[in-house]
Amino acid sequence: MARILHRAVVGLGVVGLLVTACAPGDDGDDADSGAETPPASEPAEIDEEVTLIVWDQEVRGGQNEVIEELNAAFMEENPNITIERVSRSFEDLQTTLPLALSGDDAPDVVQANNGRPIMGAFVEAGLLLPLDDYAAQYGWTERFPDSVRATASYSPDGVTFGEGSLYGLAQQGELVGVYYNRAKLDELGLEVPETWEDFLAAAEAAIEAGEVALPFGNIDQWPGIHVYGAVMNRNVPTEDIRHLGFGTAGGDWTSEENMAAAEEIVSMVDAGLFNEGFNGADYDAVAAEFGEGNGVFLIAGTWLLPDLVGALGDDLGFMLPPPREGQPNVATGATSLPFAITSAAENPDAAALYLDFLTSPEAMQLVTEKGLFPSVEAGSQQTQSQAQADVFAAWETVTADDGVVPYLDWATPTFYDTIAAAIQELLAGELEPDAFLQRLQDEYSSFVGG
Amino acid sequence: MTTAAASRPVAATRPPRESGKGRAPGEPRRVAYLYILPAYVVFVLFMLVPLVRAANISLFDWNGLTPATWVGFENYQEIVSDAGLRAAFGHAAVLIFFYAVFPVVVALLLVATMTRARLRGLGFYRTVLFLPQVIAMVVVAVAWRNIYAPDGPLNQVLRAVGLDGLARAWLGDFTWALPAVGFVGTWVQMGLCIVLFLAGVSKIPRDLYDAVRLDGAGPVREFFTIVLPALRNEISVALTLTVIAALRNFDLVYMTTRGGPGTATSVPAFEVYRRAFQVGDVGSAAAVAVTLTLLIFLITVGITRVAERSEP
């Protein structure tokens with residue numbers, strides 16, 4: 001809006017402007033895609049006064065404390081660099097970032113959400129700096145495993161996702177797994193399941209005992225993507241999931257395996273494993289209920305860890321969605337929103353220094369102390385709770401199996417809308433599995449093929 | 001200003017100019033434009049310019065970041081050809097029923113009944129009925145989302161009276177989500193309609209009622225010959241306000257269902273937001289917004305015209 005207004009004020013003689021005005025988005029001053037960082041092998045010294053404007057969305061309890069403490073420590077260590085922090089909620093950041101980045105007064109460092117709709121679009125528009133030189137200088141390439149860097153890597157034209165140049169660095173990890181209530185399992189006389197078959201059997205036993213087996217709140221549409229992913233990962237080969245998730249050629253939504261996945265989740269609904277009316281249930285409310293002891297297994301991401309630990313303490317456990325007998329561990333995961341340097345950054349070297357500080361071993365330790373999940377070096381941390389230890393162990397296991405797969409909604413710029421609505425329809429029986437898969441395939445193939 | 005001048009006898013406005021003593025009070029003067037200038041500047045800057053700008057953007061294919069491509073009226077053709085967008089406008093039509101038609105009809109019936117019986121504590125009821133209008137829509141949405149929740153108060157009541165079969169996840173049900181959202185609109189708009197109509201009814205002289213009753217008219221006749229014609233202007237105002245509220249409905253859908261389940265409750269205003277900020281199709285979002293603006297304008301003009309035409 002600011003941009004539109006700005007333009008409008010400049011050209012006040014508006015009416016004739018309707019057709020003849022310059023096309024939106026064409027600023028005249030073409031932002032160079034910024035591949036001009038000197039290929040030095042050592043990080044540059046920052047000896048001038050620098051102000052870094054940083055936009056982040058780390059506003060929840062522990063996250064906010066992490067950033068506040070790290071910013072203070074960074075400014076103490078680098079007295080000539082001042083950090084001006086602008087923090088917004090996730091949603092507010094999503095909606096304001098595009099305008100902020102394309103304006104004249106863009107921030108220097110931003111948290112850009114993974115995937116084609118946000119980060120990919122910024123890369124395509126040349127609004128972010130590729131970080132490859134800094135990655136070499138600071139040793140990020142060695143510290144961050146391929147699977148973590150892939151989620152922030154694009155070709156410079158933004159077309160290829162999952163490989164190419166590195167555009168962001170994330171401080172925290174994310175993993176969709178299964179939380180379980182240990183006390184509840186004991187009460188029901190159930191073991192922690194080790195295979196998918198055991199998991200489904202345990203869920204059915206829970207239902208027979210009158211419990212909600214898999215509490216699920218899907219009114220906001222996106223949680224369905226995570227639950228569907230957990231089932232899909234049991235049925236579809238890892239490589240196919242990556243093609244479909246990163247939106248690269250070679251996948252097929254209508255394959256036999258995908259059909260099996262769609263049919264399996266429908267049969268889980270039919271068996272009553274999920275609570276009744278999940279499409280109208282609230283995600284946070286369901287998680288809170290699980291924290292109060294209602295529900296046995298909660299399929300959800302590690303972002304709920306601090307809240308659930310607070311509610312259930314040592315009764316809370318976390319595991320990877322168990323694989324089928326003899327299959328490798330596969331789980332949907334990624335990083336939290338990566339921090340990226342904008343092309344408008346006046347001093348990219350200082351911004352890179354800040355990124356390195358945010359993801360330093362000390363920072364990872366602080367992240368752990370606040371009960372969160374660091375993006376690297378989780379294995380060497382002193383954990384704060386049983387469930388946090390479970391999360392870290394799960395991460396080690398799944399990365400050892402090279403089993404981290406992307407979120408399904410990253411595939412195309414509009415795939416979130418398509419799949420979020422389609423899953424609700426599939427689970428409500430409004431859409432048959434084959435029609436469901438065909439709808440996804442249509443969008444995927446027209447994106448990959450075109 | 002002009003009407004004041006026009007209603008003045010011609011003789012009274014002309015001569016003073018000839019006599020060189022200046023103008024009569026109320027005669028239009030150029031300086032008047034200076035008085036409206038501040039408001040006009042604000043209007044141009046914050047209403048007209050963005051509107052023209054949005055119309056401009058709607059002719060481009062633009063993701064908000066990279067340079068746009070000119071596509072002419074393709075974005076508008078899409079509104080007709082895209083089944084999802086057509087459905088969104090269809091949902092808006094359903095919401096007009098819940099937001100406008102239903103509250104106006106029910107409010108008319110209630111008010112007509114109230115004219116026949118003196119009600120104690122009318123002021124109290126009027127305040128309570130008007131309250132939904134005062135509460136921020138976001139708060140209304142959060143409250144109703146809880147009421148409609150699978151274990152929420154509505155389902156609890158249904159189960160308590162043995163209607164278990166009717167209990168459902170209202171906002172997650174493909175059939176019931178749209179009516180459920182619409183009913184919240186009814187709840188919000190009903191108070192506005194009743195308060196408007198009560199004010200209108202209080203202006204009707206009592207002897208008119210006595211006259212028709214002497215003629216032997218019953219309550220139905222009384223309603224159609226006295227109450228309805230007397231409330232013509234109020235009905236027009238109520239319809240205009242509620243129809244606009246129905247068509248521009250964004251906050252309620254955003255806070256309750258996000259257009260779901262599936263796309264069962266997507267509405268044009270929500271599509272504008274979704275396309276501009278989630279999907280990155282700013283051109284199409286602008287086209288939907290312009291279409292919606294035109295639609296609201298046309299419907300509003302239509303309602304006013306009908307109300308004026310039926311002027312006796």
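What counts as what
Throughout, residues of each chain are indexed from 1 in the direction in which the sequence is written. As a convention, the first chain written is A and the first ligand written is 1, with the rest following in written order. Restriction of local features to residues with pLDDT of at least 70 applies here, the model being predicted, together with a cutoff of 80 or more for giving and counting side-chain atom pairs; totals for whole chains, interfaces and linings are based on all residues. A run of DSSP states H or I qualifies as a helix once it reaches four residues; a run of E qualifies as a strand once it reaches two. Both are numbered from the N-terminal end. C-alpha atoms define the radius of gyration in this analysis, and the globule rule sets the expected value at 2.2 Å times the number of residues to the power 0.38. Labels follow a simple rule on C-beta atoms placed from the backbone: if 20 or more others lie within 10 Å of a residue's own, it is buried; if 12 or fewer, it is exposed; otherwise it is partly exposed. Here, residue contact means that the backbone-derived C-beta atoms of the two residues sit within 7 Å. Those domain boundaries reflect an automatic or database domain assignment. Charged residues are taken to be Asp, Glu, Lys and Arg, nonpolar residues to be Ala, Val, Leu, Ile, Met, Phe, Trp, Tyr, Cys and Pro, and polar residues to be all remaining types, Gly included. Any nonpolar core is a set of buried residues, restricted to Ala, Val, Leu, Ile, Met, Phe, Trp, Tyr and Cys, that join up through C-beta atoms within 7 Å. Known as pLDDT, the predictor's confidence for each residue is given on a scale from 0 to 100. Only C-alpha atoms enter the line fits that serve as axes; for helices the fit covers just the stretch in contact. Angles between N-to-C directions range over 0 to 180 degrees. Oblique is the label for every angle not falling under 35 degrees (roughly parallel), over 145 degrees (roughly antiparallel), or within 65 to 115 degrees (roughly perpendicular). When the near helix sits turned anticlockwise from the far one by under a right angle, the crossing is termed left-handed; a clockwise turn instead gives a right-handed crossing. For two strands to be treated as a pair, DSSP must find at least two bridges joining them.

Engineer: Provide a residue-level description of the overall build of chain A, including the pertinent values.
Structural biologist: The number of helices and strands found in chain A is 20 helices and 11 strands. Taken over C-alpha atoms, the radius of gyration comes to 23 Å for chain A, in line with the 22 Å a tight globule of 450 residues would show. Seen through its principal axes, chain A has C-alpha atoms that stretch 70 × 55 × 35 Å. Across the 450 residues that make up chain A, the buried fraction comes to 52%. In chain A, 77% of the contacts between residues at least 6 apart in sequence involve partners at least 24 apart.

Engineer: An account of the domain arrangement of chain A is requested, with residue identities and associated values reported.
Structural biologist: Residues and elements named next belong to chain A. According to the domain assignment, chain A consists of domain 1 (49-172 + 336-359) and domain 2 (175-334 + 401-449). The gap between the C-alpha centroids of domain 1 and domain 2 is 30 Å. Every contact between the two is made by 11 residues of domain 1 and, on the other side, 11 residues of domain 2. Listed by contribution, the elements that provide at least two residues to the side of domain 1 that touches domain 2 are helix H3 (61-77) and helix H5 (116-124). Top element by residues in the side of domain 1 that touches domain 2 is H5. It accounts for three residues. Partitioning the side of domain 1 that touches domain 2 into residue classes produces three nonpolar, seven polar and one charged.

Engineer: Describe the nonpolar core, with residues and values.
Structural biologist: Counting residues in hydrophobic clusters, the biggest one holds 212 residues, and the most contacted among them are Leu52, Phe122 and Ile341 of chain A. At 14 residues, the largest contribution of residues to this core is made by helix H10 (residues 177-201) of chain B. With near-sequence residues (within four places) excluded, Leu52 of chain A lies in contact with Ile81, Ile83, Glu84, Asp108, Val109, Ala350, Ala351 and Tyr354 of chain A.

Engineer: Would you mind going over the domain arrangement of chain B in detail, with residue names and values included?
Structural biologist: With domains assigned, chain B is organised as domain 1 (2-57) and domain 2 (77-309). The C-alpha centroid of domain 2 of chain B is placed 37 Å from the C-alpha centroid of domain 1 of chain B.

Engineer: Any chance you could break down the confidence of the model for chain B for me, citing the residues and the numbers?
Structural biologist: Residue and element names in this part refer to chain B. Per-residue confidence for chain B averages 87 on the pLDDT scale, and 92% of its residues sit at or above 70. Of all helices and strands in chain B, the one with the weakest mean pLDDT is helix H1 (residues 2-7) (45), whereas helix H9 (residues 153-160) scores best (94). Predicted confidence for residues 1-20 stays below pLDDT 50, and this span has 18 contacts to residues more than four positions away or in other chains.

Engineer: How would you summarise the environment of Leu196 of chain B if you had to cite specific residues and measurements?
Structural biologist: All names here are of chain B. Secondary-structure assignment places Leu196 in helix H10. Residues Leu196 and Leu231, spaced 35 residues apart in sequence, show a C-alpha to C-alpha distance of 9.1 Å. Discounting chain neighbours no more than four positions away, the residues touching Leu196 are Glu234, Val237 and Ala238.

Engineer: Give a description of the packing of helix H4 (residues 31-57) of chain B against helix H16 (residues 282-309) of chain B that names residues and reports values.
Structural biologist: Residues and elements named next belong to chain B. It is the contact of H4 with H16, at a shortest axis distance of 7 Å, that shows an interaxial angle of 125 degrees. Overall, the two elements H4 and H16 adopt an arrangement that is oblique. For the crossing formed where H4 meets H16, the hand is left-handed. Residues Ala54, Ala55 and Ile57 of H4 form the contact with H16, whose own contacting residues are Val282, Gly283, Ala286, Ala289 and Val290.

Engineer: With reference to specific residues and values, describe the sheet that holds strand S1 (residues 50-56) of chain A.
Structural biologist: Residues and elements named next belong to chain A. The strand order across the open sheet formed by four strands is S2-S1-S3-S10, and the pairing between neighbours is mixed. If you trace the sheet from one side to the other, it starts and ends with strand S2 (81-87) and strand S10 (339-341), each paired once. Strand-to-strand, the axes of this sheet are offset by a mean angle of 20 degrees, without reference to chain direction. Bridge count between strand S3 (residues 109-111) and S10: three bridges; the pairing is antiparallel. Opposite Gln111, over in S10, you have Phe339 as the bridge partner. The sheet strands contacting helix H16 (residues 348-358) are S1, S2, S3 and S10, and the helix crosses S10 at an angle near 165 degrees.

Engineer: So what's going on with the packing of helix H6 (residues 83-116) of chain B against H10 of chain B? Residues and values would help.
Structural biologist: All names here are of chain B. Orientation of H6 relative to H10, taken along the N-to-C sense of each, is 35 degrees, at an axis distance of 7 Å. Here H6 and H10 pass one another in a crossing that is right-handed. Looking at the contact of H6 with H10 residue by residue, the class counts come to 20 nonpolar, six polar and no charged.

Engineer: Give a detailed account of the interface of chain B and chain A, specifying residues and quantitative values.
Structural biologist: Many authors give the size of an interface as the accessible area that is lost as the parts come together. Opposite the 37 residues of chain B that make contact, chain A presents 41 residues. Among the elements of the structure, H4 and helix H15 (268-279) of chain B are those that each provide at least two residues to the side of chain B that touches chain A. Sorting elements by how many residues they give to the side of chain B that touches chain A places H4 of chain B first, with seven residues. Looking at the side of chain B that touches chain A residue by residue, the class counts come to 21 nonpolar, 11 polar and five charged.

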